[in-house]
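What follows is each chain in one-letter form.
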Amino acid sequence: DLTEKGITPMGGYVRYGEVNEDWVMIKGACVGVKKRPLILRKSLHVPSSRKHTEAIDLKFIDTSSKLGHGRFQTAEEKAKFLGPLASKQN
């Protein structure tokens with residue numbers, strides 16, 4: 001997906017909203033409650049396993065809505081698919 005877009009899904013994250021500031025993507029899961037502050041620090045030992053040293057090739061970030069049956073990645077894509085809406089024709 002070569003579309004230039006932000007990380008926030010359409011409609012914002014559930015119980016959070018929109019991400020306007022800097023962000024970090026982590027691999028795996030982060031346990032705890034929503035909006036918990038995380039402390040990131042350097043590791044005490046140098047990671048040497050192959051899993052930790054391989055380069056990450058990120059291909060796609062899903063930004064469809066998380067509030068329902070999300071199928072559109074951007075608002076422009078949704079408007080193109082649905083065509084002119086009755087509420088927008090006034």
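Since we're looking at a predicted model, the values are computed, not measured.

Scoring rules and cut-offs
Residues numbered from 1 in each chain as written. Predicted model: local features only at pLDDT ≥ 70, side-chain atom pairs only at ≥ 80, totals over all residues. Heavy atoms only, no water. Helix = DSSP H or I, 4+ residues; strand = E, 2+ residues; numbered from the N terminus. Buried < 20%, exposed > 50% of the residue type's maximum accessible area, 1.4 Å probe, protein only. Contact = heavy atoms within 4.5 Å. Areas by Shrake-Rupley, 256 points an atom, 1.4 Å probe, with all protein chains shown as cover. Patch = residues over 30% accessible without salt bridge, like charges linked within 9 Å, V, L, I, M, F, W, Y side chains within 5 Å. Salt bridge = Lys/Arg side-chain N within 4 Å of Asp/Glu carboxyl O.

## Some words on the overall build of the chain
Of the regular secondary structure elements, the chain holds two helices and zero strands. Buried residues in the chain amount to 10% of all 90 residues. Sequence-distant contacts in the chain: of pairs separated by 6 or more residues, those separated by 24 or more amount to 51%. When the accessible surface of the chain is summed, it comes to about 8,800 Å², and 55% of that surface belongs to carbon and sulfur atoms.

## Overview of a nonpolar patch on the surface
A surface patch of nonpolar side chains, about 480 Å² in accessible area, is lined by W23, M25, I56 and L58. Classification of I56 as exposed rests on a relative accessible area of 75%.

Nothing here speaks to function; it is all geometry.
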